[in-house]
Amino acid sequence: MKELIKKLSTLTDCLAFYIEDCMARGQSNATITSKNNLMLMFICWAATKQITKISNVDLFVMEEYRRYLSAYRKPKNQEPLSIVTQAQRLIALRVFLERMFYYDIITDNFFAKFELPRTGRRLPKFIPDEEEIELIINQTKTKGNIGIRDKAILEIYYASGIRRTELANLDIRHVDTKNLTITVRKGKGGYDRVVPIVQRTVDAINEYLTKVRPLLAIFASGDALFLGETGKRILSSKLTELVGEYIRRSGVAEEGACHLLRHATGTHMLRNGADIRYVQEMLGHEDISSTQLYTHVVINDLQKVHKQTHPFAK
């Protein structure tokens, strides 16, 4: 490896080495793909500045890239990149440089001085209530056999609050119908966790497994729980598409997808008195501050009731 590292000089070669390093450290495919795409954006921009070697990247290049991202306008609507998007691209660059420094491919940790944008934590714009969740799920009744599959998907989302990639990666064996649990393997951060579901979710899963999955299954299906119409494991992008469609069809919201149901799960549990630590464990948040996002929504609900009912607020 030492000989290989000595030969690394171009950004492209360093990125290839970095991606292999990420794979060796057990990072998920989704994380690796994201890192690769974000770094390719930087490399393409750097090439326009005749910057092709890792040795040419310094603090001033990072700051110039920051200014480029800030000034960039989307071709479709001329809107700027959100501060979150800008931060993602800059974080990807800094993490890449940290790893290059770790391997002595660069010998200066100038990147440590680089200040990342403060994005804050954004509250969800809209959280459907329990009746609206039912409206969304009921839309699956119009889709025949595929609707049976999709109902099981929506039921799992709302019952467990798992992420779309976690749901796409579920195998049949990960569902424990007796103990009403789902095992999430290698969730965000690479951790496993067991989350509870309810009997109606199990009923929806069993109906799908009995009536629909056998119709979709092919040799390539393996043990995947949810299959796409090609018979292979359903893609997380497809989950976004189908959940978004049911949300729009219900009339509950004009936009939203998998995360809308995840937000609803956390918010409704807290509204009904769940300890925030249990909600944190269920949603797979490493940092409790992520879970506290939902407490702000609950506080907003409380303030509305307070204004309507407290004598001094009238």
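Owing to the predicted nature of the structure, the values given are computational and were not obtained by experimental measurement.

Enquirer: Got a minute to help me understand the environment of Pro128 in this structure?
Expert: Summarising the element assignment, Pro128 is placed in the loop between α5 (83-102) and α6 (130-138). Residues Pro128 and Thr265, 137 residues apart in the sequence, show an inter-C-alpha distance of 9.7 Å. Not counting the four nearest positions on each side in its chain, Pro128 is found in contact with Ile133, Val252, Leu260, Ala264 and His268.

Enquirer: Any chance you could explain the packing of aromatic side chains here in plain terms?
Expert: Applying the stated criterion across every chain yields a total of 12 aromatic pairs. Aromatic side chains Phe17 and Tyr103 sit 5.0 Å apart centroid to centroid with 80° between the ring planes, which places their arrangement in the edge-to-face category. One end of the pair, Phe17, is in helix α2 (residues 11-24); the other, Tyr103, is in the loop between α5 and α6, with 86 residues separating them in the sequence. Take Phe17 and Tyr103: they sit in the same class, and that class is buried. Arranged with centres 5.3 Å apart and planes meeting at 85°, the rings of Tyr18 and Phe96 form a pair that is edge-to-face. One end of the pair, Tyr18, is in helix α2; the other, Phe96, is in helix α5, with 78 residues separating them in the sequence. Considered together, Tyr18 and Phe96 belong to a single accessibility category, that of buried residues. Taken together through their ring pairs, the aromatic side chains of Phe42, Trp45, Tyr65, Tyr68 and Tyr72 make up a single cluster. Here the guanidinium or amino end of Arg99 rests over the ring plane of Tyr102, the centre of that ring lying 4.2 Å away.

Enquirer: Explanation requested: the pairing of strand β2 (residues 181-184) in the structure shown.
Expert: Sheet faces and side chains relate simply in a regular strand, where the side chains alternate between the two faces. The alternating pattern of β2 places Thr181 and Thr183 and Ile182 and Val184 on opposite faces, both of which are buried. Bridge analysis of β2 against strand β3 (residues 193-196) gives four bridges, and the strand direction is antiparallel. For Thr183, the partnering residue across the bridge sits in β3 and is Val194.

Enquirer: I tried to follow the pattern of salt bridges on my own but got confused; where do I start?
Expert: Side chains carrying opposite charge are able to pair once their charged atoms draw close together. Scanning all chains against the criterion turns up 18 salt bridges. Arg163 serves as the salt-bridge partner of Glu166, at 2.8 Å between the closest nitrogen and oxygen. Assessed through its relative accessible area of 16%, Arg163 is described here as buried. With a closest N to O distance of 3.7 Å, Asp223 and Arg173 form a salt bridge. Taken together, the residues Asp223 in the loop between α10 (213-216) and α11 (236-250) and Arg173 in the loop between α8 (164-168) and β1 (175-176) connect sequence positions 50 residues apart. What makes Asp223 partly exposed here is its relative accessible area of 48%.

Reading guide: rules and limits
- Each chain carries its own residue numbering, running from 1 in the direction its sequence is written.
- Totals for whole chains, interfaces and linings use every residue, but because this is a predicted model, local features are given only for residues with pLDDT of at least 70 and side-chain atom pairs only at 80 or more, for both listing and counting.
- Side-chain numbers come from the whole structure's heavy atoms, not from hydrogens or water.
- Helix and strand assignments come from DSSP, with helices taken as H or I runs of at least 4 residues and strands as E runs of at least 2, each series counted from the N terminus.
- Any two residues having at least one pair of non-hydrogen atoms within 4.5 Å are treated as being in contact.
- Only Phe, Tyr and Trp rings take part, Trp by its six-membered ring, and two of them pair if their centres are within 6.5 Å. Stacked means planes under 30 degrees apart, edge-to-face means over 60, and tilted covers everything else.
- Only protein chains enter the calculation, and the probe is 1.4 Å; a residue is then buried if its accessible area is under 20% of its type maximum, exposed if over 50%, and partly exposed in between.
- We call a charge positioned above a ring when the Lys NZ or Arg CZ atom is no farther than 6 Å from the ring centre and deviates by at most 35 degrees from the ring normal.
- The pairing criterion for strands is at least two bridges between them, as found by DSSP.
- A pairing counts as a salt bridge when a side-chain nitrogen of Lys or Arg comes within 4 Å of a carboxyl oxygen of Asp or Glu.

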